[in-house]
Amino acid sequence: MRLMLFFRLLLLSVFASLLFFALAPEASVLTLLKMVAAGAALAIAVSALYPEMRGVKSGDMVSVVMGSGVPALVGRFGRAMGQGKKNSQIKVKLDSGGEVIGIIESYEGVVSPPRIRLVYEEKLVD
């Protein structure tokens, strides 16, 4: 998840650097390389800090796991029905149709969604 944010920001910074290089008559190749390097550093910083500041918002894809030792990619996927920060409780609508309540354990990783530890799950009786 953070990987997509990083690549979007990197592409945007390369585009802005090339545009400046094309329009500024005094710009050199060294200036272009410095601007691309600064854009890459900014993309790394933003993609590392953004999920911590944003938290989990309503509608975000999350992974619900039974215990804290389970990787997020092994859990059941669903959508957050509320918003919250780490260690807060939120309701999640699973892709299978059920609803669960869980605690936010971690924000999104490089390729994994936020991990929610299951606290309560309603089971339908047939």
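Thresholds, definitions, all that
- Residues numbered from 1 in each chain as written.
- Predicted model: local features only at pLDDT ≥ 70, side-chain atom pairs only at ≥ 80, totals over all residues.
- Heavy atoms only, no water.
- Helix = DSSP H or I, 4+ residues; strand = E, 2+ residues; numbered from the N terminus.
- Expected span 1.5 Å × (residues − 1).
- Contact = heavy atoms within 4.5 Å.
- Buried < 20%, exposed > 50% of the residue type's maximum accessible area, 1.4 Å probe, protein only.
- Pairing = 2+ DSSP bridges.
- Bend = angle between axes of the 7 residues up to and from the residue.

Overview of helix 1 (residues 2-23)
Logical step 1: In a regular helix each residue adds 1.5 Å, so 22 residues correspond to 32 Å; helix 1 covers 32 Å between its end C-alpha atoms and thus fits that length.
Logical step 2: For helix 1, the elements touching its buried residues are helix 2 (29-54).

Remarks on the environment of Asp 95
Logical step 1: As for its placement among the helices and strands, Asp 95 is situated in the loop between strand 3 (89-94) and strand 4 (99-106).
Logical step 2: Under the relative-accessibility criterion, Asp 95 is labelled exposed at 59%.
Logical step 3: Taking the C-alpha atoms as reference points, Asp 95 and Phe 77, separated by 18 residues in sequence, lie 6.1 Å from one another.

Observations regarding the environment of Val 111
Logical step 1: Within the secondary structure, Val 111 is located in the loop between strand 4 and strand 5 (115-121).
Logical step 2: Considered as a pair, Val 111 and Ala 48 are 63 residues apart in the sequence and their alpha carbons are 13 Å apart.

What to know about the pairing of strand 4
In regular strands, side chains alternate between the two faces of the sheet.
Logical step 1: For strand 4, a buried count of six out of eight residues is recorded, marking the element as mostly surrounded by other parts of the structure.
Logical step 2: With five bridges connecting them, strand 3 and strand 4 associate as antiparallel partners. Counted as the bridge partner of Lys 91 is Ile 101 from strand 4.
Logical step 3: Where strand 3 folds back on strand 4, the antiparallel hairpin that results is connected by four residues, among which Gly 97 adopts a positive phi of roughly 110 degrees.
Logical step 4: Bridge count for strand 4 against strand 5 is six bridges, and the pairing is antiparallel. Paired with Gly 102 across the strands is Leu 118, a residue of strand 5.

Brief notes about helix 2
Logical step 1: An ideal rise of 1.5 Å per residue puts 38 Å on 26 residues; helix 2 measures up with 37 Å between its terminal C-alpha atoms.
Logical step 2: Of all the bends in helix 2, the greatest reaches close to 25 degrees and is centred on Ala 48; the proline Pro 51 follows between one and four positions later.
Logical step 3: Every buried residue of helix 2 is accounted for by Leu 32, Gly 39, Ala 43, Ser 47 and Pro 51.
Logical step 4: In this fold, the buried residues of helix 2 make contact with helix 1.
Logical step 5: Positive phi appears at Gly 55, one or two residues downstream of helix 2, with a value of about 80 degrees.

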